[in-house]
Amino acid sequence: GESVGLHLPTLSVQEGDNSIINCAYSNSASDYFIWYKQESGKGPQFIIDIRSNMDKRQGQRVTVLLNKTVKHLSLQIAATQPGDSAVYFCAERFPGNTPLVFGKGTRLSVIA
Amino acid sequence: NAGVTQTPKFQVLKTGQSMTLQCAQDMNHNSMYWYRQDPGMGLRLIYYSASEGTTDKGEVPNGYNVSRLNKREFSLRLESAAPSQTSVYFCASSEASGGATQYFGPGTRLTVL
């Protein structure tokens, strides 16, 4: 999602449904990507990562898909639970010895 | 393992006051980072330290200084606080620099009046 001014894009999902959170990354030469979850009042937590030589990686209830052609990353959460409510950030690694670059985030709201 | 710890958790300052935010990690990581996060915004890098003894500016370094005290500790100093520095500050560490996975502390919520 793209940030609009001070407001994060929000995705509202019914409990039990699957969630798909999208991220457009900026550098076609980036070779490593991470998804972070940030719950209210806490620091970001690592969820899952993927290298550019892969197009899919699965974790527990989460899957990350990478489409290098259109510079697009997505995070799929299966059977979304109330505890999944948080802001989700993607991050990319540019070439060279520089820190990760973070996207602006998407807020996931789970409706019980 | 406590991971990354930050002190204080909350702080209120008056314009012009100074303060130091403390960060420590117990994961034997080489690299450490300071970010600020404003409402509805992503993380903006203030300064980072790729290894003990080195520091580099990030995206928004103005008004801040840092010290990499040793491998474990990385502090952020505001010499003369301004209302524009009201934010939540996060410290992070990673095993190496160059885009390695970062692990974050719980944050310091700073208000400058």
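Calculation rules
- Residues numbered from 1 in each chain as written.
- Chains lettered and ligands numbered in written order.
- Predicted model: local features only at pLDDT ≥ 70, side-chain atom pairs only at ≥ 80, totals over all residues.
- Heavy atoms only, no water.
- Helix = DSSP H or I, 4+ residues; strand = E, 2+ residues; numbered from the N terminus.
- Rg over C-alpha atoms; globule rule 2.2 N^0.38 Å.
- Buried < 20%, exposed > 50% of the residue type's maximum accessible area, 1.4 Å probe, protein only.
- Contact = heavy atoms within 4.5 Å.
- Areas by Shrake-Rupley, 256 points an atom, 1.4 Å probe, with all protein chains shown as cover.
- Lys, Arg positive; Asp, Glu negative; His and termini not counted.
- Charge placed at Lys NZ, Arg CZ, Asp CG, Glu CD.
- 1 Å grid on protein atoms, 1.4 Å probe; cavity = no way out; pocket = protein on both sides within 12 Å on 5 of 7 lines; lining within 4 Å.
- Points joined across faces, edges and corners; volume = space filled by probe spheres on them.
- Nonpolar A, V, L, I, M, F, W, Y, C, P; charged D, E, K, R; others polar.
- Core = buried A, V, L, I, M, F, W, Y, C linked by side-chain atoms within 4.5 Å.
- Pairing = 2+ DSSP bridges.

**Description of the overall build of chain A**
Point 1. A tally of regular secondary structure across chain A gives zero helices and 10 strands.
Point 2. Reading chain A from its N terminus to its C terminus gives the helix and strand order β-β-β-β-β-β-β-β-β-β.
Point 3. Relative to the compact-globule value of 13 Å for 112 residues, chain A shows a C-alpha radius of gyration of 14 Å, a close match.
Point 4. For chain A, the C-alpha atoms occupy an extent of roughly 45 × 30 × 25 Å along the three principal directions.
Point 5. Here chain A, with 112 residues, has 39% of them falling under the buried criterion.
Point 6. If you take every contact in chain A between residues at least 6 apart in sequence, the share linking residues at least 24 apart comes to 53%.
Point 7. Element-wise, carbon and sulfur atoms account for 48% of the exposed surface of chain A, whose accessible area totals about 5,800 Å².
Point 8. For chain A, the distance from the average site of its 11 positive side-chain charges to the average site of its 9 negative ones is 4 Å.

**Focus on the layout of surface pockets**
Point 1. Counted as a void, the largest pocket has a volume near 590 Å³.
Point 2. For the largest pocket, the lining is made up of 26 residues, of which Gln38 and Gly41 of chain A together with Gln37, Val88 and Arg109 of chain B are closest to its centre.
Point 3. Residue classes in the lining of the largest pocket are distributed as 11 nonpolar, nine polar and six charged.

**A look at the nonpolar core**
Point 1. With 20 residues, the main nonpolar core has Trp34, Ile46, Leu76, Leu78 and Tyr89 of chain B as its most contacted residues.
Point 2. For this core, the elements supplying multiple residues, two or more each, are strand 3 (19–25), strand 4 (31–37), strand 5 (43–49), strand 7 (64–68), strand 8 (74–78), strand 9 (87–94) and strand 11 (108–112) of chain B.
Point 3. If you look at the next biggest cluster of nonpolar residues, it comprises 19 residues, including Ile48, Val64, Leu66 and Leu73 of chain A.

**Observations regarding the pairing of strand 4 of chain B**
All names here are of chain B.
Point 1. Among the seven residues in strand 4, seven count as buried, and that is most of the element.
Point 2. Alternating positions in strand 4 separate into two faces, Ser31, Tyr33, Tyr35 and Gln37 on one and Met32, Trp34 and Arg36 on the other, with burial throughout.
Point 3. Relative to strand 9, strand 4 runs antiparallel, the two being bridged by seven bridges. Residue pairing for strand 9: Met32 is matched across the bridge by Ser93.
Point 4. Of the strand pairs in this sheet, strand 4 and strand 5 are connected by six bridges, and their pairing is antiparallel. Note that in strand 5 the partner of Gln37 across the bridge is Leu43.

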